[in-house]
Amino acid sequence: MTAARPPLPDAFLRPVPTFTLTSSEVTDGGRLGEEQVYQGGNRSPQLSWSGFPAETRSFAVTCFDPDAPTGCGWWHWLLFDLPASVTELASGAGTGEFPGLPAGAVHGRNDYGTRDFGGAAPPPGHGPHRYVFTVHALGVDSLGLDADTSAAAISGTLGFHALARATVVAEYES
């Protein structure tokens, strides 16, 4: 008998419409590349999105692993307060010097304890983990949170202000 996998994070948020999220590096249902692995390139993937509601005032981008053996998953990336004019992030925008991010964008602290993208690092032999990349279209210009806000509080606030969300899920196994 195979154990049931934990639900995806959106299962806990109020339902909202979807829009289109694509990536030149991450394929929905595919395997995460070595560039997005913590001990590999540890680089955030390129993402672009379209078809979001006209009343969108800002975006947030998250990456979550619901399969982490923590009892509560693992936050790999929390980026918010992106202006509604931003519809693409270049590869690596969430790492190092945050190239290409607009003024005012905020990186929340991930579960590695850093304010950036932290790549996949499932325990060896634990089986495949899902990495859920989500772009949240928000009805506010700013979440009113800072970089020290907990991942749980950021996630809850995103759920409250979301007009729509788009998700790409890829797997990785050590």
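To start, this report covers the structure provided alongside it. (Residues numbered from 1 in each chain as written. Predicted model: local features only at pLDDT ≥ 70, side-chain atom pairs only at ≥ 80, totals over all residues. Heavy atoms only, no water.)

## Thoughts on the packing of aromatic side chains
The following threshold applies: Only centres within 6.5 Å qualify two rings of Phe, Tyr or Trp (six-membered ring in Trp) as a pair; their planes then separate them into stacked at under 30 degrees, edge-to-face at over 60, and tilted for everything else. A helix here means a DSSP run of H or I that spans at least four residues, while a strand means a run of E at least two residues long, and both kinds are numbered starting from the N terminus. For every residue, the accessible area (1.4 Å probe, protein chains only) is compared with the maximum for its type, and the residue is labelled buried under 20%, exposed over 50%, or partly exposed between those bounds.
Going through the model one piece at a time under the given rule, you end up with eight aromatic pairs. Considering the side-chain rings of F19 and F52, the 6.1 Å spacing of their centres and the 80 degrees angle between planes classify their relative orientation as edge-to-face. Of the two residues, F19 sits in the segment before β1 (20-22) while F52 sits in the loop between β2 (47-50) and β3 (58-65), which places them 33 residues apart along the sequence. Residue classification places F19 among the buried positions, given a relative accessible area of 10%. Here F52 falls in the partly exposed class, since its relative accessible area comes to 23%. Residues W49 and F59 carry aromatic rings whose centres are separated by 5.4 Å and whose planes lie at 65 degrees to one another, so their mutual orientation is edge-to-face. In this pair, W49 is assigned in strand β2 and F59 in strand β3, connecting sequence segments ten residues apart. Residue F59 is classed as buried on the basis of its relative accessible area, which comes to 0%. Here the aromatic residues F19, W49, F52 and F59 are joined through ring pairs into a cluster of three or more.

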